[in-house]
Each structure stands twice: as structure tokens, then as C-alpha cells.
Amino acid sequence: MAARRPDVEEFSPPVGTSQLESPIDPGKHEVDPAIPPVEEGGPAEAVAATSLSYSQLVMRRFRRNNYGMVGLVICILIIFIAVFSGFLAPYASSTTDTRALYSPPQLIRIISPEGTLARPHVLGFAEDMDMNTFEIKFIPDPEQRANLAFFVKGDEWKLFGLTFDRHLFGTVDGQPIHLLGTDGLGRDIFSRMLHGTRITLLMGFLVMLASGIIGSIMGVSSGYFGGFYDLFVQRLVEFIKSFPDLPLYLVLVSLLPRRADAALIFIMFAGILVLLGWADVSRELRGKVMSMRGLEYVRAAEAVGAGSGRILFRHLLPNVFSHIIVWATYALPNVILLESFLSFLGVGVQAPMVSWGSMLNQVLDFQSFSAAPWMMAPVIMIVLSVLAFNAFGDGLRDAMDPYSNV
Amino acid sequence: MSDNKVATNPATNEAPLLEVNNVRVDFRIVDGTLNAVKGNSFEVRKGETLALVGESGSGKSVTARAIMRMLADNAKVGKETSIVFKGQELMKLTEAQMQEIRGNHITMIFQEPLTSLNPIYRIGDQVAEIILNHRNVSKKKAREEVIRLFKEVQIPEPEARFSQYPHQLSGGQRQRVMIAMALANEPDLLIADEPTTALDVTVQAEILTLMKRLQEKHGMAILLITHDLGVVRQTSDRVCVMRYGEIVESGTTEQIFGDPQHPYTKHLINSEPSGHPDPLNDELSVIMEGKDIRKVYKIKHGSFWNRKTVDLIAVNDVSLKVRTGETLGIVGESGSGKSTLGMSLIKLQPITAGQIEFLGKRIDPLDKRGMRPYRTDIQVVFQDPFSSLNPRMIIRQIIEEGLIVNNIGSSSAERTKLIRKALEEVQMTADVMDRFPHEFSGGQRQRIAIARALALQPKFILLDEPTSALDLSIQAQIIELLRDLRRRHDLSYIFISHDLKVVRALCHNVIVMQNGNVVETGPTEDVLVNPKTEYTQRLVDAAINIRA
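Cut-off values and rules
- Residues take numbers from 1 onward in each chain, read along the sequence in its written order.
- For naming, the first written chain is A and the first written ligand is 1, with later ones following in the order written.
- Per-residue local features are limited, in this predicted model, to residues with pLDDT of at least 70; the limit for side-chain atom pairs, both in listing and counting, is 80 or more; totals at the level of whole chains, interfaces and linings are taken over all residues.
- The basis for every side-chain value is the complete set of heavy atoms in the structure, and neither hydrogens nor water enter the calculation.
- The way it works is that DSSP assigns letters per residue, a run of H or I at least four long becomes a helix, a run of E at least two long becomes a strand, and they are numbered from the N terminus.
- Each residue is assigned to one of three classes by its accessible area relative to the maximum for its type, calculated with a 1.4 Å probe on protein chains only: buried under 20%, partly exposed between the two thresholds, exposed over 50%.
- Surface accessibility follows the Shrake-Rupley procedure with a 1.4 Å probe radius. Residue values consider only the protein chains on display as shielding.
- Two strands qualify as a pair provided that DSSP identifies no fewer than 2 bridges between them.
- For Phe, Tyr and Trp, where Trp contributes only its six-membered ring, two rings pair if their centres lie within 6.5 Å, and the inter-plane angle classes them as stacked under 30 degrees, edge-to-face over 60, or tilted in between.
- For a lysine, the NZ atom is tested; for an arginine, the CZ atom; a charge sits over a ring if that atom is within 6 Å of the ring centre and within 35 degrees of the ring normal.
- Cavities and pockets are defined on a 1 Å grid built over the protein atoms alone: a cavity is a set of grid points where a 1.4 Å probe fits but cannot escape, while a pocket is an open set with protein on both sides within 12 Å along at least five of seven lines, and lining residues are those with an atom within 4 Å of any such point.
- Grid points are joined across faces, edges and corners, and a volume is the space filled by probe spheres set on the points.
- All residues other than Ala, Val, Leu, Ile, Met, Phe, Trp, Tyr, Cys, Pro, Asp, Glu, Lys and Arg, Gly among them, are scored as polar; the first ten of these are nonpolar and the last four charged.
- Whenever a carboxyl oxygen of Asp or Glu lies within 4 Å of a side-chain nitrogen of Lys or Arg, that contact is scored as a salt bridge.
- Where a domain begins and ends is set by an automatic assignment or by a domain database.
- Take the buried residues of types Ala, Val, Leu, Ile, Met, Phe, Trp, Tyr and Cys, join any two whose side-chain atoms come within 4.5 Å, and each joined set is a nonpolar core.
- Between two residues, a contact is recorded if the distance between any of their heavy atoms is within 4.5 Å.
- Whenever a helix is involved, its axis is fitted only over the stretch in contact; in every case the axis is a line through C-alpha atoms, and angles between N-to-C directions fall within 0 to 180 degrees.
- A patch consists of residues exposed above 30% relative accessible area that lack any salt bridge, with like charges linked at up to 9 Å and nonpolar side chains (Val, Leu, Ile, Met, Phe, Trp, Tyr) linked at up to 5 Å.
- One less than the number of residues in a helix, times 1.5 Å, gives the span that helix is expected to have.
- For every residue, the pLDDT score states the predictor's confidence, bounded by 0 at the bottom and 100 at the top.

Regarding its fold elements, chain A presents 14 helices and four strands. Residue burial in chain A is summarised as follows: out of 406 residues, 49% are buried. When the accessible surface of chain A is totalled, it reaches about 20000 Å², and 66% of it is carbon and sulfur.

See below:
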């Protein structure tokens, strides 16, 4: 008869009643006064003993969503890779191994060529030319055995202004190790893929943050003030949305100075994506705010004399914040895809910077694709990260849904 | 409470139409289980009306949905639950068999006629569909049947109405269509879930009379679910009082109202608004005065090239005066312009024409900045306590906001003292300050909303239906609180309401509005006892004389 958790009734009406009860009877549980009442207008009803804040509620609901949780774990992993790519990757992104051009992936072996259990090692390749087709074949060579070890010395890498030279793993005696093979210049694909995570994610977060901030300010203010300002902002949004995206990106990117510093091009490239990226979220928020503008707590704030700035930043923005977060988790994978695509075409991130897309740029022609299919490895990272961020965003959206009760 | 059976009437020996035994419904929610209905038993006999009465969250609607087997996905019905309808155990039926019962033998009408009809189909077709689903008749025959039903539920011009869409009908008429739909297959049991709650008071009475008449004619049983004791008293034969998912008392209507046994029932009955406002001294100064206030909405229509505007007059040259310490009631049906008038008076909405004077100074030409000095003196409490508090702010921030923007209290400690005082005024403890609004019930939130207004020490408060979203017992407390505050601070109120019972308990004078016009004005008792217009008479009948 008694509820298992006495506090449960306080914050969450059963779905069934909340749908049935009238607007004047919104299915919330009234806490009754002591019965019979001690005195008329006596002490107010008892306050619930414990209850959860909104963020706690969201956390709890999110944890129940397995798909979202897996997404979150992968997202955290990818961000971890981006931050510590220097440590995790055995080589720096520009290190070339001229003895191993287009070398295929190496397998980590724990069984020695003699058939006994051995410490983990990789085998180097012996090159052999097929005399009929003149195709060079790589055959694992038991002679070139390189044992693996943790925390070996290698290329220098920097983090937070400090320089390190230890790597998570490598070969004991400095022999080459290319887990995902090498490209035409002999650069380690695995290392470059990890380093590329950093630029790709940086681009993603930068564009998402900047367009999120611009979009929120434009959207919330346009929804709240309305009138001529709203008219102007919305026509601007329509103007931006009416461009054919792809040709415009290509034109704008091709206008960037080719000879300029890679970092500058990176920033300008991000700027172009922001320029065209803020429109969606601003329109979405405008609609939300327009429906919220008439709500009684906003009018109550007006009635105590609060100014527009206060209403915008203290009342409206916090209440659309969950929308912004959900938008952000959807926007990030979109930016990743767009960046990869443009870099693949060779108009995005420029060397010496590495991104997943710019790595794929080397597989543009069919010949290199058929000769070295392992160079497609960044595709796996792109697919994985897009799926993971989408799964996380989906889970977050469900958890933030105020009508969800399960 | 499973042994809480309604005493069977020895005169009727036949088996009851519906026998509900030990119904138990649990909801799976974020962290645990919510026991919404805790093992109730009752029965409905042929041709009678049984009312399930309770405040919000008491589980009455869930009980009804359990009978129809129409519960939400996260609901679980208990194993021992048995619902026997005409000798048939409903819990054991398949979904297909249940469909045969729903809409045919047991039908249901919901409280919200705006959303229970599909807006894209003609109303006639929607009713005909029910007939065609359950009976093997031709379309033409079904149409005749629908028109006969429309006549029966007194929809004017039934033939023409047949091909109209729901939006072309008023709320009351839509509820009539819903009743016609429910009657279409001559059910044995009609479940009416708050059938009149969403309707205007005057329409409520008509719908109840219609239901009563139809019940007598067809001999069907009605299970009426409501929170409104007036409705229960007028229509039902027997009553079950529910609280926290349990039936605490049941008996005939006379027994329950004449000699309630359970303290909760007594408490509910005593909570109906009562008493009168404190007498007023005649020699008082005017605090708020409105002269010929007019509010016109321009509605654009027509094509792009041939744009026309129509003026919708929401408030038509209304003048009013509120003296210090006086409570002025503004009553009327929905759409009569009472809220628009109120919001215009406190300048939360611009007016088209007229003058507003506050303490002898004109405030109608002032802009937002110019109004700032007056904002502390003029405050407002809104209708819906669920949307009037920002869900992302804690109570301290909500109340403190007015103090900060008006530069009251120099330090945080000083403001805390003021917040504490305001909370004390509304009889809440200071430990609520760090909580979020969703942790409070409707009545508590309304107290917090009042505290927010009081913190600024206003002279005048606009109360826009502050009690209509609250349960009866909470409503009585809020009314008492408002009376008490008026006495202590010499506050002046404008009280907007459609409920004349509350108005009588609180207001010295009253203005009756209809379609933007004032139809009657004067001291509350005079207006209520001797209404001069037929419109006021209807309002009074619906609210106060409903028992007669």
C-alpha cells in the first residue's frame, strides 16, 4: 500500500493521469494539509522530504538508455584520444619512414614464428616483386622481429606547453611499427589518424560553439523582441538558408589565400562553417522563445520591473539551454562530416595539419585506393564518431524530455 | 481498503452492472514505482450514477482508464484486480474482444472537448464511424441515426451541423457531440471523466442537465469522475470519495453530504468557499482608477493584395475604481475580456484608448522605463502556479529578483531577511529558499507566487484567477490567506474570476463582463442576490444555485 519510495509521488505524476487531468488539474500531487486541518489558513502544506533537481533527473534517465550510454563512452574515448594523441600515437604526424612506402598494416603477434608463445611483437616486411605483374608484394619476414614495449622513447610531442618523448607503446629497439600501414610518403597511418582526431574535433567544437553562441543570441533575442528586429533577423536567416550549401562552401573556401599559414586557413575555414551554421539553431530557438514569451513567469518578471537583458539571460536562456545542448550534439557530427568532405576534396584543412578528411585526400585516385586500401582507415573513425555523438545526443534528448517518465 | 464495499441496497437484488474488485494500478517511473490506485472495490448498478470524487492525483481517472483497459504503457494492473461487467471478466478478454466492449457497451467522454474530436474530420462522420464500426448498417442509415442523436443532445440545426468541422463549434457544443458519440450505440455504462471542467460555468449546467435527462431516457448507468462537489450533489445517486488512490468513504449522496463520517470527506465539504469580505470604510481614497479603457486587437485577413483588418474589441470603454483596501471582483465567462482588462490596468499590455490613474497620477502614457517606479506598488499573481515560477530558478532567486531590479536591500543578507519575511507572510518556512519550484505542490507554488508579490510591499495586487487551478481544500486556504494579508497590509485587490462562490467570499464590489462590455456593477451581495441581467442570473445560477 505504501509507496516503496515515499518521495516518489512528489515530483512525478503518473503518465496516465497527467494526460487525463484538465489544464486546471494538471495531475500534480497536491500535498494535503493535515486532516482535519489544524486551523483555517494554518501552516502551509508540508514540503517534500527529498527530491531531485532537474539535472539529477536527466542524469538518472540518461543512465537507463544503453544506446546513449555506449555513445557517451565512445565520445569520451574519442575526446581522450584527441587530447592525448601525442602519447597514444607511436609517431609524430610528419615522421616519414622512407623504407616503408605504402607498407601494409602489421599484425601484433603473440605467437613466435617457431610456434611458441612469445612476448607481443610485429614482423617487418620483405619486399618481393611479382615478375609477371611487376607488383611489389609485402611478405611478413620472421627475421625482422620487433618486440613491443610500453612507455618507450620516441618522437617529441607537446601538451599544455610541456614537451614529452614517451609514447604509450613502441618497439624496444626503435624498429618501425605501422599498425595500420603507411601512406605514399611512409607516414604511419595509425599515428596520423590519432593526430587527426585532434584537428577534426577541434574544428567540430569550435564551429559548434561559435555557431551555437551566435545562433542562441540571435534566436532568443529575435523571438523575445519580435517586431522589426525579428523581421530583419529572420530574413537574414532565410537568406543564408537559401544558398546552395555545397557550391557556396567550395567558392568561399577557394577564396582563402592558399599560401597563408595553415593555422590561419584553419580558423578561416571554421569561420565559413560558422557563418552558414548558426541559422538553424537560431530559428529553432526563436520558435521556442516565442511560445515562452507569453508564459506567466516571464510576465511576472516584467511585473516586478525586470529589464529585457535580465529576462533574456536569467529567464529565457536557461530555459532553452537544454535545446541548445541537444542541438550541439547533433551539430557536432554534421561539422565532422562536412569538414571531412571538404578536406577530402583538398579545400579544407591544409598540410602540415592533419585531419581525417585530409588523410582521405591521398586516396583520391583509384590507383592508390587499390594499392593501399588501409589508407581508408580514417573512415572508420568518422563513422564511429558520428554515430557516437548522434547516439549521445539522442539519449540526451530523451532524458531531457520533461514528459518522459520512464 | 479492499473490504470497503458499498452497502448493497436490499431493494435491488439483481447483480450489479459493473463490479470492480480490488483494482490496483502501479506506474513505473524514473526511480521506482508509484502506486496510483491501491486496491479499491465498488460497483455500479443499472441506471444509477456513481460519482468518484477526489482531488487531483487521487487516482480517480486512472481507475476509469483501468476499467476501459486504456492505461499508459508504463502502468501495471495488479494481479488480484477483477473487473466484472455484465458477468464478464474484463481483465481476461483479448484486446480484440475489449474493442467490441469499448464504444459499444461501455463508452467514455473526456474533459477536454477541444482535443477529443479529430479536427480534420466532419463531426457527423466521426459519430457515424462509431455506428458503422459496431453495427451492420448502411451509410445512409448511419447518417439518419447521427442526425437523430444530434437532435437528442440538442444540437441546433442537426442536418447542417453534420458536415461541420470541430473548430466551427463552441466548447459546449463539442461536448454535446462527444455525448452523442458516446450514446451512439446505446451503451449500458457511460464513464464521464470531468465532463464539464473545461467548460464555462453557464454551459456546465446545461450539459449536466442533458446528461441527466438522457440517462433517465435510456436507463444507462453513469460513472462520473469529478473534483467538483457541486456537480456531484446535483447529479449522482451514490458517491465514492477517493484520496491517495484509496476510497476513504462511500455511500449515497445524501449520506455523504448530510452526515460525512471520514475526516477527509468532512474537510472536503467544509472547503467550499464561504464567508464574506470584511466591511469597508466608506471614506477611502481611490488607489486605482480606469477611465474608458478600450483594447482593440486588429485581426488581419484576406489575401496579400486585398488585406483587410477587422477590429476585435476585447475591452469596450470600461471604467472602474478601486479604493484603498477594497477588493474589486471582475467576473465573466471565458472570452469576456476580464483578463485583458486586468493586464491592461497594470500595464503589462498596452491599451488602445483610455486613462489609467494610480494614486492620482496617470500611468497610461508611461513606457517600460517610466513604469519602473510603480512596479513595486503594483503587483500581480497569475492563474497557473505551474507556469508562473521559472522552473530553472530556486525560490530565493525567484523572490529576490524583484528586490534586485528595484534596488531594495543593499546586501544579500538584507535581501535574505526580506525574502524570509515574505515567506513568513504566506506561512512558508525559510528552508524552502534553496528548492526548485517543481518540488512544491500547486497550493505551495501559489503561496510562493504571492510571496514574490508581497516581497516588494505593494499597495495593489491584481489577482488573475489565482485559485481556479487549485484543488478545493487548497483554494480555501489561499482565500483565507488573501483575506488575512488584506487586513494586515491594507492591500487593494482586483480579483479576476469566473467562480462567483469565490468572488462572494472575497470581493466588496463586482463588475460583470460579457464580450468586452460591463453588463452590471455594484456591491457583490446586491449583484448576486438581485441580478439585473439575464446573463448575470445565469452565472449566479450556475455557481451558487446549482444545488436547487
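On a regular strand, each side chain points to the face opposite its neighbour's, so the side chains alternate between the two faces of the sheet. Residues and elements named next belong to chain B. The buried fraction of strand β2 (residues 32-44) amounts to twelve of the 13 residues, a majority that puts the element mostly inside the structure. In the sheet, strand β1 (residues 18-29) pairs with β2 via ten bridges, with the strands oriented antiparallel. Looking across to β2, one finds that Val20 is bridged to Phe42.

A word on the packing of aromatic side chains. Under the counting rule described, the total for this entry stands at eleven aromatic pairs over all chains. With centroids separated by 5.0 Å and ring planes inclined at 45°, the aromatic side chains of Phe80(A) and Phe84(A) adopt a geometry described as tilted. On the basis of relative accessible area, Phe84(A) is assigned to the partly exposed category, the value being 28%. The residue whose ring lies beneath Arg143(B) is Phe162(B), and the NZ or CZ to ring-centre distance is 4.3 Å.

A few words on empty space enclosed by the protein. Empty pockets left among the atoms are what a rolling probe the size of a water molecule brings to light. Residue and element names in this part refer to chain B. Enumeration over the complete set of coordinates arrives at seven cavities of 30 Å³ or more. Roughly 60 Å³ of internal volume is contained in the second largest cavity. Forming the walls of the second largest cavity are Thr49, Leu208, Met211, Lys212, Gln215, Ile222, Leu224 and Thr235. Broken down by element, the residue count for the lining of the second largest cavity peaks at four residues, all from helix α7 (residues 201-218). Along the lines of polarity and charge, the residues of the lining of the second largest cavity split into four nonpolar, three polar and one charged.

We now examine the pattern of salt bridges. Between side chains of opposite charge, pairing is possible as soon as their charged atoms come close. All names here are of chain B. Tallied over the entire structure, the rule returns 33 salt bridges over all chains. Between Glu425 and Arg488 there is a salt bridge, and its shortest N-O distance comes to 2.9 Å. Of the two residues, Glu425 is situated in helix α14 (residues 412-425) and Arg488 in helix α16 (residues 472-489); the sequence distance between them amounts to 63 residues. Taken together, the salt bridges that share partners define one network made up of Arg135, Glu145, Arg148, Glu152 and Lys217.

Accessible area lost on assembly of the parts is the figure often given for the size of an interface. Domain boundaries assigned for chain A yield domain 1 (66-84 + 192-400) and domain 2 (106-177). Put simply, the middle of domain 1 of chain A and the middle of domain 2 of chain A, counted by C-alpha atoms, are 38 Å apart.

Attention now goes to the nonpolar core. In this structure, Leu316(A), Leu423(B), Ile450(B), Ile461(B), Leu482(B), Phe495(B) and Leu500(B) are the most contacted members of the largest nonpolar core, which totals 117 residues. Top element by residues in this core is helix α11 (residues 308-344) of chain A. It accounts for eleven residues. Taken domain by domain, the makeup of this core includes at least three residues from each of domain 1 (66-84 + 192-400) and domain 2 (106-177) of chain A. If near-sequence neighbours (up to four positions away) are discounted, Ile450(B) is found in contact with Val381(B), Val426(B), Ile478(B), Leu481(B), Leu482(B) and Leu485(B). Residues Ile147(B), Val153(B), Met220(B) and Val248(B) belong to the second largest nonpolar core, which totals 48 residues.

As a further point, take the sheet that holds strand β2 (residues 117-129) of chain A. Residues and elements named next belong to chain A. Strand order in this open sheet of four strands is β1-β2-β3-β4, and the pairing throughout is antiparallel. With one partner strand each, in any of the chains shown, β1 (109-111) and β4 (162-171) form the two edges of the open sheet. The average undirected angle you get between the axes of adjacent strands in this sheet is 50°. Pairing of β2 with strand β3 (residues 136-159) involves nine bridges; the strand directions are antiparallel. By the bridge assignment, Val122 is partnered in β3 with Ala146.

All names here are of chain B. Both faces of strand β17 (residues 378-381) are covered, namely the face carrying Ile378 and Val380 and the face carrying Gln379 and Val381. Pairing analysis gives four bridges linking β17 to strand β18 (residues 460-464), with the strands arranged parallel. Its bridge partner being in β18, Val380 is matched across the sheet by Leu462.

Below, the discussion takes up the sheet that holds strand β7 (residues 106-109) of chain B. All names here are of chain B. Read from one edge of the open sheet, six strands run β7-β8-β9-β3-β10-β11, paired in mixed fashion. If you trace the sheet from one side to the other, it starts and ends with β7 and β11 (246-252), each paired once. Shown here is a sheet whose adjacent strand axes are inclined to one another by a mean of 15°, direction ignored. Relative to β11, strand β10 (residues 238-243) runs antiparallel, the two being bridged by six bridges. Its bridge partner lying in β11, Arg238 is registered against Thr252. In the packing of α7 onto the sheet, contacts are made with β3 (49-53), β7, β8 (189-193) and β9 (221-226), and the angle to β9 comes to roughly 155°.

Moving on: a nonpolar patch on the surface. All names here are of chain A. A cluster of nonpolar side chains, namely Tyr67, Phe369, Met376, Val379, Val383 and Leu387, defines an oily patch on the protein surface of about 520 Å² accessible area. The dominant element in the nonpolar patch, judged by the number of residues it contributes, is helix α14 (residues 377-400), at three residues. Locating Phe369 in the fold gives a position in helix α13 (residues 366-371). Taking the relative accessible area as the measure of exposure, Phe369 reaches 34% and is therefore partly exposed.

Here we come to α7(B). A rise of 1.5 Å per residue sets the reference length of α7(B), with its 18 residues, at 26 Å; its end C-alpha atoms lie 26 Å apart and thus fit the reference within 8%. Within α7(B) the residues assigned to the buried category are Val201(B), Thr202(B), Gln204(B), Ile207(B), Leu208(B), Leu210(B), Met211(B), Leu214(B) and Gln215(B).

What follows concerns the confidence of the model for chain B. Close inspection of predicted coordinates is inappropriate for parts of the model with low pLDDT. Residue and element names in this part refer to chain B. Summarising the model, chain B shows a mean pLDDT of 85, and 96% of its residues fall at 70 or more. The low-confidence segment residues 1-11, where pLDDT is below 50, has 20 contacts with residues more than four positions distant or belonging to other chains. This prediction of the complex comes with two scores: 0.74 for pTM and 0.75 for ipTM.

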